[in-house]
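# Structural overview
Residue strings, one per chain:
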Amino acid sequence: MDLEKSREGPGGEGRLVVALRMPVRIVVLVLVVPVRMVWDALVVAGRFLGDRMFRPVGRALLWVGRAVLVWPFVALWRWVLVPFWRWVLVPLGLALRWLGTGLVVVPAGALYRWVLTPLGHAAVWFYARVLTPLGRGLFVVPAVWLYRWVLTPVGHALLWCGRGLAWLGSLLVTGIGTALYWTVRVLVVLPVYAVWRWLLAPVGRALGVVAREVGAAFGHAWRIAGYVSLAVGRALAAFFRWTLVEPARWVYRTVLTPVGHVVRDAVLRPVAEAARSVGRVTRDALRSVRVTARQVRRDVRRALGMPAGPAGIGTREKRPVGR
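Everything quoted here is computed from the prediction, not taken from an experiment.

As a further point, take the overall build of the chain. The helix and strand tally for the chain stands at two helices and zero strands. Buried residues in the chain amount to 6% of all 323 residues. The long-range fraction of contacts in the chain, counting pairs at least 24 apart against all pairs at least 6 apart in sequence, stands at 55%. Accessible surface for the chain amounts to roughly 27,500 Å². Of this, 74% is attributable to carbon and sulfur atoms.

Structure, rendered in structure tokens:
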């Protein structure tokens, strides 16, 4: 007990644990920090790709799969198979059932009722009245006598001999088993137990302590690397924000927006108003040309003695109310 207490540290932990903890944690932290940063970068890239590329592509593939695989089979089922089943197979099945009932079921029932049933009753009567008494007289009585006066005494004698042989065999097996047990225990079990107790168990405990400390070091290093990766990510985000995003936003808000307003007010709006004015003038000119063309065509028809045509076709004259 004093030796075990002397091996433990002040906190109830072994000196080996205290000696290994800090170097192992430092080494593991140096190894884990780059891995954790790469892992976080891959996670961010995976989320971006999943949201921007994989999910839309998956939705498109799902729609294509429905259009290519699901909808044709649904249409085939709805417009081909269901009508075929309803209007072809069901009447065919009813007809086959009627034919089977008339050609198979009814003759089979008549055969069973008028032929097989009388033959079965006759066979049962022959077995009960003839074969059973004959079997009892020829086989049962001699078999009972042979079992009672021959087989039973022979069986008892064989059973007694078997019990004696079993006792002798069990005695021999017990002696041989006891000798083998002590031989194996002295030659195999006790040396293996000594090697386990005085060699393998201490080495296993030491390896267990090392493995536990390495695992704990990996856990602490992974958490610390997460904080380091988060801090580096925030620093990179702040760097890109103040070097790219904020200058671009300032340029857009301070330069591009006023320039756009000036261009809109000084160029685009006057051009749009001029275009609308030109459009209105063009439409008025075309309307005047159409009216003039209709008037000329009507005058030509009158000059040639042709009817001017019904009102509303080739002219916009209104008929008086009541005509």
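Following the structure, the description resumes.
As enumerated under the stated definition, the model contains seven salt bridges in all. Arginine 264 serves as the salt-bridge partner of aspartate 265, at 3.4 Å between the closest nitrogen and oxygen. Judged by relative accessible area, which is 36%, arginine 264 ranks as partly exposed. Ionic pairing is found between aspartate 284 and arginine 287, a salt bridge with its closest N-O pair at 2.9 Å. Of this pair, aspartate 284 and arginine 287 both sit in helix H2 (residues 15-304), three residues apart, which is roughly one turn of that helix. Relative accessible area serves as the criterion here: at 43%, aspartate 284 is assigned to the partly exposed category. Within the structure, one salt-bridge network assembled from shared partners comprises Arg241, Glu246 and Arg249.

This part is about the confidence of the model for the chain. Residues of the chain with pLDDT of at least 70 account for 88%, and the chain-wide mean is 81. Ignoring residues within four places in sequence, the model shows residues 1-12, a span with pLDDT below 50, making eight contacts including any to other chains. Taken together, the stretch residues 310-323 has pLDDT below 50 and engages in nine contacts with residues farther than four places along the chain or on a different chain.

Where a protein is soluble and globular, its nonpolar side chains tend to be buried together. Judged by nonpolar contacts, Val28, Val32, Val33, Ala217, Ala221 and Ala225 together constitute the single largest core of six residues. Setting aside chain neighbours within four positions, we find alanine 221 in contact with Val28, Leu29 and Val32.

Bringing the packing of aromatic side chains into the picture now. The full count for this structure, using the stated rule, is three aromatic pairs. With centroids separated by 5.4 Å and ring planes inclined at 75 degrees, the aromatic side chains of tyrosine 181 and tryptophan 182 adopt a geometry described as edge-to-face. Ring geometry for phenylalanine 239 against phenylalanine 240: centres 5.7 Å apart, planes inclined by 70 degrees, an arrangement best described as edge-to-face. Taking NZ or CZ as reference, arginine 241 lies 5.6 Å from the ring centre of tryptophan 242, over its face.

Take the side chain of serine 229 next. With respect to the helices, strands and loops of the structure, serine 229 is situated in helix H2. Looking at serine 229, the relative accessible area reads 10%, which means it is buried. The residues touching serine 229, leaving out its near neighbours within four places in the chain, are Arg36, Met37 and Asp40.

Rules of the game
Residues numbered from 1 in each chain as written. Predicted model: local features only at pLDDT ≥ 70, side-chain atom pairs only at ≥ 80, totals over all residues. Heavy atoms only, no water. Helix = DSSP H or I, 4+ residues; strand = E, 2+ residues; numbered from the N terminus. Buried < 20%, exposed > 50% of the residue type's maximum accessible area, 1.4 Å probe, protein only. Contact = heavy atoms within 4.5 Å. Areas by Shrake-Rupley, 256 points an atom, 1.4 Å probe, with all protein chains shown as cover. Salt bridge = Lys/Arg side-chain N within 4 Å of Asp/Glu carboxyl O. pLDDT = per-residue confidence, 0-100. Core = buried A, V, L, I, M, F, W, Y, C linked by side-chain atoms within 4.5 Å. Phe/Tyr/Trp six-rings, centres within 6.5 Å; stacked < 30°, edge-to-face > 60°. Lys NZ or Arg CZ within 6 Å of the ring centre and 35° of its normal.

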